[in-house]
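The chain contents come next:
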Amino acid sequence: MLGAVIAALGMCADGIGEGLYAVRHGYRGRAAAIGFAIAAVLGALTRVVTPMNFTAESVAVATQAAKERPQIFYIVLLASVPTVVLGATGLYEPLIGLFDAGVVAGAVAGVGVLLASVGFGYIRDRKVAGGVSTVFGVAAFLLTEDLTVTVVTSIASGSLAAHFLGARFGEEPDEEAPDVERPSLIPLRWRDMIARPVLVGALSLFALRLGTVVSYETVNGELAPGEEPDLNGAFLINGAASLASALLGGPPLDPTPSPTAETAMPVASMVIFATVMAVLAGAGLVERVGRWVPLESVAGFLIVVGAFVVLPENVGDVEELPDGVALTVTAFSNPFYGIVAGELVQLLH
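Residues numbered from 1 in each chain as written. Predicted model: local features only at pLDDT ≥ 70, side-chain atom pairs only at ≥ 80, totals over all residues. Heavy atoms only, no water.

Some remarks on the overall build of the chain
Note the following rule: Each helix is a run of DSSP H or I of at least 4 residues and each strand a run of E of at least 2, with the numbering of both proceeding from the N terminus. Note on contacts: a residue pair qualifies if any of its non-hydrogen atoms lie within 4.5 Å across the two residues. Throughout, the Shrake-Rupley method with a 1.4 Å probe supplies accessible areas, and for residues the shown protein chains are the sole cover considered. Note that His is not counted, nor are the chain ends; the positive residues are Lys and Arg, and the negative ones are Asp and Glu. By convention, the point assigned to a charge is CZ for Arg, NZ for Lys, CD for Glu and CG for Asp.
Within the chain, the secondary structure is distributed over 16 helices and two strands. Seen through its principal axes, the chain has C-alpha atoms that stretch 55 × 45 × 45 Å. Taking contacts inside the chain between residues at least 6 apart in sequence as the whole, the part at least 24 apart equals 88%. Per element, the accessible surface of the chain, about 14,000 Å² overall, is 65% carbon and sulfur. One way to put it: in the chain the 17 positive side-chain charges average out to a point 15 Å from where the 32 negative ones average out.

And the structure:
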């Protein structure tokens, strides 16, 4: 049991770090508490071992087509409805079977390129904070191959560099610290919800989930002793947690590879993680940390996740022309366009 607790608490450091990325992009961190609570309950009932968490890739995709509220809330909301329906009805597995596996892998790999490019953009914006974050973040990952260590090292080093060296180079962070907002039901303006940027963003986030759920639940399920991957269950939890979060203005909560799956009690470890994150998010800890942490301090973490984790984990399955098209189009646009382009080329190939 001790190992399950330690793994869960270690994952919380990753959750806070990636949650910071979400609140810096306009989402309410406290609103995610209800999503984590739902993930804990449903995970215990279904025995799905993959935790739902703040993830940089889902936030990056969700805020690519639209940047302002309430559109970024609507994107998560609209993407979550079909996720819940397909997971609850058991139709996710048949649906994912209709897509070419290489095309889906190419789209997810393209998200890795997109994440890394965002990280390099932060280095351009704040060379001190972003550069130091990247050097220490990459070094931490190469030495430990542990994402929790990486995110803490990246954010801590970038923040310290910004505070102690940034002023000398005229690079003090100029953005306001995120407020600790009370969750409240978002306004449902139907005309705004069907605006093109919202629909494109929602389809992109949904397309990303098509790939990440099958990838991460399969990996975590295989690592977990005595447990089998449950793709429909993971898809249901993914959608329900994100839907509840979005209704209150929170970010998407999506699957992630996790050390909790490797413990002797993977389900219990996942439930502990989700429960603790519900408490931490509900207490406003994500926003409070953000008062001392500049956005650019996540540069190293984004580059590691994109270039060292997401891209390598998926690029090995990119073997044919359609797969490469999906990767390229996603890297320059979004995963929805990437999958559509890849499937079209597959039909003509």
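Focus on the side chain of Glu 287
Using the following cut-off: Only protein chains enter the area calculation, which uses a 1.4 Å probe; residues under 20% of their type maximum are buried, those over 50% are exposed, and those in between are partly exposed. The rule for a salt bridge is simple: a side-chain nitrogen of Lys or Arg has to be within 4 Å of a carboxyl oxygen of Asp or Glu. Here a polar contact means two N or O atoms within 3.5 Å. Within protein one must be a hydrogen donor candidate and the other an acceptor candidate, and residues neighboring in sequence count only if both atoms are side-chain atoms.
Within the element layout of this structure, Glu 287 appears in helix α13 (residues 285-290). Buried charge without a partner: Glu 287 forms no salt bridge, and the closest opposite charge is Arg 30, 6.5 Å away. Polar side-chain contacts of Glu 287 include one of 2.8 Å to the backbone nitrogen of Gly 29. Those residues in contact with Glu 287, other than ones at most four positions away along the chain, are Val 23, Arg 28, Gly 29, Arg 30, Pro 178, Asp 179 and Val 180.

Some thoughts on the nonpolar core
The line we're drawing: Within this scheme, the nonpolar core is defined by two criteria: the residues are buried Ala, Val, Leu, Ile, Met, Phe, Trp, Tyr or Cys, and they are joined through side-chain atoms within 4.5 Å.
Counting residues in hydrophobic clusters, the biggest one holds 73 residues, and the most contacted among them are Tyr 21, Phe 36, Phe 54, Tyr 92 and Val 298. Sequence-distant contacts of Tyr 92, defined by excluding residues within four places in its chain, comprise Leu 86, Arg 209, Leu 210, Val 213, Val 214, Leu 231, Asn 232 and Phe 235. One finds Val 103, Ala 107, Ala 207 and Ala 326 within the second-largest nonpolar core, a separate group that totals five residues.

Observations concerning the environment of Gly 306
Residue position: Gly 306 is located in helix α14 (residues 299-315). Classification of Gly 306 by relative accessible area gives buried; the value is 0%. Along the backbone, Gly 306 and Val 108 are 198 residues apart, and their C-alpha atoms lie at a distance of 9.9 Å. Apart from the residues lying within four places of it in its own chain, the contact partners of Gly 306 are Gly 112, Leu 115, Ala 116, Leu 311 and Pro 312.

Remarks on the layout of surface pockets
What counts here: Think of a 1 Å grid over the protein atoms and nothing else: a 1.4 Å probe that fits but is trapped marks a cavity, an open set flanked by protein within 12 Å on at least five of seven lines marks a pocket, and residues with an atom within 4 Å of a point count as lining. Grid points are joined across faces, edges and corners, and a volume is the space filled by probe spheres set on the points.
Its boundaries defined by the atoms lining it, the largest pocket holds a volume of some 440 Å³. Along the walls of the largest pocket sit 20 residues, with Glu 145, Leu 147, Pro 257, Ser 258 and Pro 259 positioned nearest its centre. At the level of elements, α1 (2-23), α7 (127-144), α8 (147-164), α10 (196-223) and α14 are the ones that each hand at least two residues to the lining of the largest pocket.

What about the packing of helix α6 (residues 101-125) against helix α15 (residues 321-332)?
What counts is decided by this rule: Between N-to-C directions, angles span 0 to 180 degrees; the directions come from axes that are lines fitted to C-alpha atoms, helices contributing only their stretch in contact. Angle categories: roughly parallel below 35 degrees, roughly antiparallel above 145, roughly perpendicular from 65 to 115, and oblique for all the rest. Each crossing gets its handedness from the near helix: less than a right angle anticlockwise from the far helix is left-handed, clockwise is right-handed. Gly is put with the polar residues, along with every residue not named as nonpolar or charged; the nonpolar set is Ala, Val, Leu, Ile, Met, Phe, Trp, Tyr, Cys and Pro, and the charged set is Asp, Glu, Lys and Arg.
One can describe the packing of α6 onto α15 by two numbers: an axis separation of 7 Å at closest approach and a directional angle of 30 degrees. As summarised for this structure, α6 and α15 are arranged roughly parallel, according to the angle between their axes. In terms of crossing hand, the pair formed by α6 and α15 is right-handed. Across from Gly 102, Val 103, Gly 106, Ala 107, Ala 109, Gly 110, Val 111, Val 113 and Leu 114 in α6, the residues of α15 making contact are Pro 322, Asp 323, Ala 326, Leu 327, Thr 330 and Ala 331. Residues belonging to the contact of α6 with α15 are distributed by class as follows: ten nonpolar, four polar and one charged.

Notes on the packing of aromatic side chains
Where we set the bar: Pairing of aromatic side chains requires ring centres within 6.5 Å, counting the rings of Phe and Tyr and the six-membered ring of Trp. Pairs whose planes differ by under 30 degrees are stacked, by over 60 edge-to-face, and all others tilted.
All chains considered together, the criterion is met by seven aromatic pairs. The interplanar angle of 90 degrees and the centroid separation of 6.2 Å between the aromatic rings of Phe 36 and Phe 273 together place this pair among those described as edge-to-face. In this pair, Phe 36 sits in helix α2 (residues 32-46) while Phe 273 sits in helix α12 (residues 266-282), placing the two residues 237 residues apart along the sequence. For the residue pair Phe 36 and Phe 273, the accessibility class agrees, reading buried in each case.

Remarks on a nonpolar patch on the surface
Heads up, the rule is: The patches reported here contain residues having more than 30% relative accessible area and no salt bridge. Joining distances are 9 Å for like charges and 5 Å for nonpolar side chains (Val, Leu, Ile, Met, Phe, Trp, Tyr).
Side chains of Val 340, Leu 344, Leu 347 and Leu 348 sit close together on the surface and give an oily, nonpolar patch of about 460 Å² of accessible area. In this fold, Leu 347 is placed in helix α16 (residues 335-348).

Concerning the pattern of salt bridges
In the structure shown here, the tally under the stated rule is four salt bridges. With a shortest N-O distance of 3.6 Å, Arg 28 and Glu 181 are connected by a salt bridge. Here the residue Arg 28 occupies a position in the loop between α1 and α2, and Glu 181 occupies one in the loop between α8 and α9 (190-193), the gap between them amounting to 153 residues. Under the relative-accessibility criterion, Arg 28 is labelled buried at 12%. Its salt-bridge partner being Arg 69, residue Glu 181 comes within 2.6 Å of it at the nearest N-O pair. With Glu 181 in the loop between α8 and α9 and Arg 69 in the loop between α3 (56-62) and α4 (71-89), this residue pair connects regions lying 112 residues apart in the sequence. With a relative accessible area of 26%, Glu 181 lands in the partly exposed category. What emerges from the salt-bridge pattern is a single network uniting Arg 28, Arg 69 and Glu 181.

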